[in-house]
Amino acid sequence: MAGIFEDTADLDELAEALRSADAGERRVAILALADSGLPDAVPLLASAARDPDSGIRLQAAIALGSFDGAEAADALTKALTDADPAVTRAAAESLAELKDPRNADVILPFVAHPSAFVKEAALRALKELRRPEALKPALDAMRDPNAAVRIQAVGVIGFLKLEESVPALRSAASDSDATVRRAAINALAFSQAPSSSEAIARALDDAEWPVRESAAEALGRSRSGVSAKDALIARLDDEFWQVRLKAIRSLAALKVRAAAIAIAHGLTHPEPNMRKEAAAALGELKASEALAHLERAADDIDADVRKNVRWALSQLG
Amino acid sequence: MSLDKIVDGLTEVDCDVLVIGGGTAGPMAALKAKMKNPNAKVILLEKANVKRSGAISMGMDGLNNAVIPGHATPEQYTREITIANDGIVNQKAVLKYAEQCYSIIQELDKYGIRFQKNENGDFDVKKVHHLGTYVLPMPNGDTVKKALYRQLRRVQLLISNRYIATRLLQGKDGRVAGAIAVNTRTAEFLIVKAKAVILCMGAAGRLGLPASGYLFGTYENAANSGDGYAMAYHAGAKLANLECFQINPLIKDYNGPACAYVAGPFGAYTVNNEDARFIECDYWSGQMMLEFYNELQSGKGPVYLKLNHLHENTISEIESILHKVERPSRGQFHANRGTDYRGNKIEMHVSEIGFCSGHSASGVFVDEFARTTVPGLYAAGDMASVPHSYMLGAFTNGSIAGQHASDFAKDVDFAAYDPEDIARERERVLAPTRREDGIPPNQIEYKTRRFVNDYLQPPKVPQKYRLAQSRFAEVREDMETGMIARNAHELLRALEASSILDCADMAACSSLFRTESRWGLYHLRTDYPGRDDENWFCHTLLGKTDGRMICEKRAVDPYVVPIDDDEKDIYYRQRIEARA
Amino acid sequence: MPLANTPTSVPVVVDNEKCIADKGCTVCVDVCPLDVLRISDLTNKAYMAYDECWYCLPCQCDCPTAALTVNIPFLLK
Ligand SMILES: Cc1cc2nc3c(=O)[nH]c(=O)nc-3n(C[C@H](O)[C@H](O)[C@H](O)COP(=O)(O)OP(=O)(O)OC[C@H]3O[C@@H](n4cnc5c(N)ncnc54)[C@H](O)[C@@H]3O)c2cc1C
Ligand code: SF4
Ligand code: SF4
């Protein structure tokens, strides 16, 4: 039956090929090892990750991402400090592909590594593993001078959803780096503590519009978002329509009927997405006080606006 | 050695469950059949190579129809699909999908397929319209196939690549008995006896001819030539609602998706030449495609995808997703033409016609266990009749099929078949290789597909349809008596040409049968412009009876999720034209 | 009617310097869903044998040495 089914790889043969003097042959062997899916391929790939040829090491680092388990994680963490940046990038990508929570034991020590790149990669890989042991090292990493590291640290903490991490996230919400601030704001949404929505609400006045946009959006998801309703209403005249749009959406999600007339002004905004969102929100709020505004918008040039206006009118009752 | 030389050979193998097509539904079906019964012998047979085959070859931008607790309910989803499909659905199958798909998402997540999550690690489902929230982006969607393949290798599944299945073996007792396949590089035969067979051969994507005229420039993966539809037909299975064609909006000439589903949540949208949105319909449906088509035909065309009102940051983010995953050549296409999302809008068009339940509702009839009307024969994914199922439907229904088929195979023996059937099929397959001179497969295919465009493209005119039928008969005659294949690769194309012609005939037959219009552009008849619920609130089932193609009606099963008139009204109100 | 060969410009270009098909690599040939790539008997390098491309790119993305480039087929460029 040879040739009909995909063969099971012959690991001895491939191990032999990995010892070939020809780099091309070694590379081909790695590809076959990756396809084999056999757990016993991992030690062979781990040794290939130390090959003198950087192209081979790169191929091995990519291949290791197809195997889960501590041995693969170990080889990949070592490859994070390879001399060739292409190898280290591939190793970081592959490490983030691993899903077995037990890998955390191998990865955790690398959060304290002196290199920012290694730290960042380790934290990124830890995020999906959701191991409570990662909280402490991640909190420490929040003080790292490198923003890329802090972003991943916020990620690890946010995924764990522990109330005890809220103070750290709150201070990250006023980080010097805008991306860190956005991440922290989003991460705070899970928390029920009023202090969390206060921290998010403060970000509504951030100097950077993407941060304000994130804050406006996060309040809609936040369990204590209603307490920030006045700050959200104030954002309805942000200079960026992107921020206004998220504020409208969140006010509707939080059922802030008091915002209806302010939202209704959005029905005449030049950006069609704004008009559409305003109409949808008024429908969700069943805002009969906006009846006249909605009727005036019923013949909008934009079909999506018309549709949402019609729907909103049907909700007023 | 000359290229792809034809070798004479035939091997027989047997198994409990045979899965044909290793794209999306197939790998999942095979995996689940094996997990359900680890002792079962499961074979996954694929025309290409499972590593990179099928619609998701390069990955996917996201799930279009994820029913995730907290964002949508299975009942709500079932109602919306029922309405989008003008009422003609087997609700039990839709509901079953909706109930099971979340557990499949969680499983795929464990396999290492990445779905977008927010900073709290919860799935970041995007709201596209106010009816339901179903879109879940996949930022690392390019790893889908790799992750699936890994799972298959892990359970050491038997994978047979580069075999094109050509016909099913029919058991004397009416059950399925296995399948016949041909190697695409040597033309050697493989006979697989099986207790249960699952068809996962994707859409019939090479039916209409793309506007570019390039045979392989299709919307669907061009390897999906409708072989599954043809095989099911010849094996006596019924096919449902084939007249409900697949037509998709796409980037003109590139003929790939523009991905309004990706760009939509970021604020991009489709506009006419006045820069205004024009689509009144809220669902991806034939009605939506009709509005699209009408706008293209009107003075307000062309139609564009518009992103240039978005902020630079947002556009960069969209680009990084769109040009990496799914159809990465999209970026190259735009670059060639100097199109930049920041300044230019992207010209859109509608696709050629095809069959596909993934996007529409044309497929082999199946029930909520993915069973076809032939005992032991299952179907899942784009070629099975569960409507609008997309990628997650292929995974979920593939899983349902795999588990049920595994159980079925446990309790039965192989069905006996007539060995003469194999001899006859060998003759049919090899006939083009026995000729000294003749018509190459690409010309047979081109002519068939040109007629599909000339005569079958909606709006449907019955006189044109009848003309098409006689043209197809002429092409068939030429194909059966004069097609030539000089090597195994040409034979692959010859076999595909025959499936394409079968599909063209089925498209014509079922469209003529349903004497009403339904599903917007998909089945728009000029002689019966209105919808006729009194006579046509039913499925069309097409099948082979005494060697002839026959259509019949099948009642829609009673709904398990009732739809009240209010809800229908909300939907129909969306269809009212602007007052202005 | 007899057959003739019609010239066509194919979208896939392989850099023979980089291609390691002669060392046993068949990655691009393996992954192509349309099965249009082959290893040449003459050069021992990969090439596009049939002009039937879906411009989907697995061949290019999976090539271990970045030897292969897919262009958009001329007819729809
Ligand atoms: C360009 C594009 C973009 C899309 N985007 C999205 C999206 O963003 N989100 C979403 O949810 N859905 C999307 N879809 C839809 C989704 O990809 C499909 O619904 C789903 O993948 C179909 O799975 P399948 O298993 O039915 O078919 P496929 O995955 O296409 O698999 C069919 C397989 O059968 C094989 N085959 C065919 N004939 C034979 C034969 N005779 N013998 C052996 N094997 C054969 C083929 O080679 C192929 O591997 C998209 C589809 C396309 C084409
Ligand atoms: S994948 Fe690349 S290196 Fe391998 S055969 Fe193809 S072109 Fe050559
Ligand atoms: S782009 Fe796709 S179809 Fe074209 S040669 Fe590469 S893998 Fe094959």
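Residues numbered from 1 in each chain as written. Chains lettered and ligands numbered in written order. Predicted model: local features only at pLDDT ≥ 70, side-chain atom pairs only at ≥ 80, totals over all residues. Heavy atoms only, no water.

## Here's the deal with helix H8 (residues 312-322) of chain B
Part 1 of the argument: Buried within H8(B) are the following residues: B:Thr314, B:Ile315, B:Ile318, B:Ile321 and B:Leu322. Viewed along the axis of H8(B), the buried residues span an arc of 125°, placing them on a single side of the element.
Part 2 of the argument: Where H8(B) is buried, its residues meet helix H14 (209-221) of chain A together with helix H6 (260-263) and helix H9 (329-336) of chain B. (Buried < 20%, exposed > 50% of the residue type's maximum accessible area, 1.4 Å probe, protein only. Helix = DSSP H or I, 4+ residues; strand = E, 2+ residues; numbered from the N terminus. Arc of directions from axis to C-beta. Contact = heavy atoms within 4.5 Å.)

## Side note on the domain arrangement of chain A
How large an interface is tends to be reported as the accessible area lost when its parts come together.
Part 1 of the argument: Entries for chain A in the domain assignment read domain 1 (1-98) and domain 2 (255-317).
Part 2 of the argument: On a C-alpha basis, the centres of domain 1 of chain A and domain 2 of chain A stand 57 Å from each other. (Domains from an automatic or database assignment.)

## What about the interface of chain A and chain B?
Part 1 of the argument: The partner chain B presents 52 residues to the 51 residues of chain A that form the contact.
Part 2 of the argument: Interface area for chain A against chain B, summed over the two sides, is near 4500 Å², with a carbon-plus-sulfur share of 44%.
Part 3 of the argument: For the interface between chain A and chain B, the tally reads nine salt bridges.
Part 4 of the argument: Note that A:Arg306 and B:Glu280 form a salt bridge whose closest N and O atoms lie 2.6 Å from each other.
Part 5 of the argument: Taken together, chain A and chain B are joined by 27 residue pairs in polar contact (both at pLDDT 80 or more).
Part 6 of the argument: At the level of secondary structure, the elements contributing two or more residues to the side of chain A that touches chain B comprise helix H2 (23-36), helix H6 (85-97), helix H10 (147-160), helix H12 (178-188), H14, helix H16 (241-253), helix H18 (272-284) and helix H20 (303-316) of chain A.
Part 7 of the argument: A per-element tally of the side of chain A that touches chain B places H20(A) first, with eight residues. (Buried area = accessible area lost by both parts, 1.4 Å probe. Salt bridge = Lys/Arg side-chain N within 4 Å of Asp/Glu carboxyl O. Polar contact = N/O pair within 3.5 Å; in protein donor to acceptor, adjacent residues only side chain to side chain.)

## A look at the confidence of the model for chain B
Residues and elements named next belong to chain B.
Part 1 of the argument: In the predicted model, chain B carries a mean pLDDT of 93, and the fraction of residues at 70 or more is 97%.
Part 2 of the argument: Below pLDDT 50 for its whole length, residues 575-580 participates in 11 contacts with residues either more than four positions away or in separate chains.
Part 3 of the argument: The ipTM assigned to the predicted complex is 0.97, against a pTM of 0.96. (pLDDT = per-residue confidence, 0-100.)

## Some details on the site of ligand 3
Part 1 of the argument: Taken together, 14 residues are adjacent to ligand 3, and C:Cys32, C:Cys53, C:Cys56, C:Leu57 and C:Cys59 come closest.
Part 2 of the argument: Here the residues of the shell around ligand 3 sort into 14 nonpolar, no polar and no charged. (Near = heavy atom within 4 Å. Nonpolar A, V, L, I, M, F, W, Y, C, P; charged D, E, K, R; others polar.)

## Structural notes on the packing of helix H3 (residues 41-48) of chain A against helix H4 (residues 54-64) of chain A
Residue and element names in this part refer to chain A.
Part 1 of the argument: Where H3 meets H4, the axes come as close as 8 Å, and the angle between the chain directions of the two elements is 145°. Crossing of H3 over H4 shows left-handed handedness. Facing Val42, Leu45, Ala46 and Ala48 of H3, the residues of H4 in contact are Ile56, Arg57, Ala60, Ala63 and Leu64.
Part 2 of the argument: A breakdown of the residues in the contact of H3 with H4 according to their chemical character gives eight nonpolar, no polar and one charged. (Axes fitted to C-alpha atoms, helices over the stretch in contact; angles between N-to-C directions. Left-handed = near helix turned anticlockwise from the far one by under 90°.)

## Section: the pattern of salt bridges
Part 1 of the argument: Inspection of every chain in the model, using the stated rule, returns 79 salt bridges over all chains.
Part 2 of the argument: Between B:Asp86 and B:Arg531 there is a salt bridge, with its nearest N and O atoms 3.7 Å apart. Of this pair, B:Asp86 sits in the loop between helix H2 (74-84) and helix H3 (91-111) while B:Arg531 is found in the loop between helix H14 (488-513) and helix H15 (533-536), placing the two residues 445 residues apart along the sequence.
Part 3 of the argument: For B:Asp86, a relative accessible area of 6% corresponds to the buried category.
Part 4 of the argument: Look at the salt bridges and you will find they share partners, linking B:Lys47, B:Arg206, B:Asp227, B:Glu445, B:Arg449, B:Arg493, B:Glu496 and C:Glu52 into a network.

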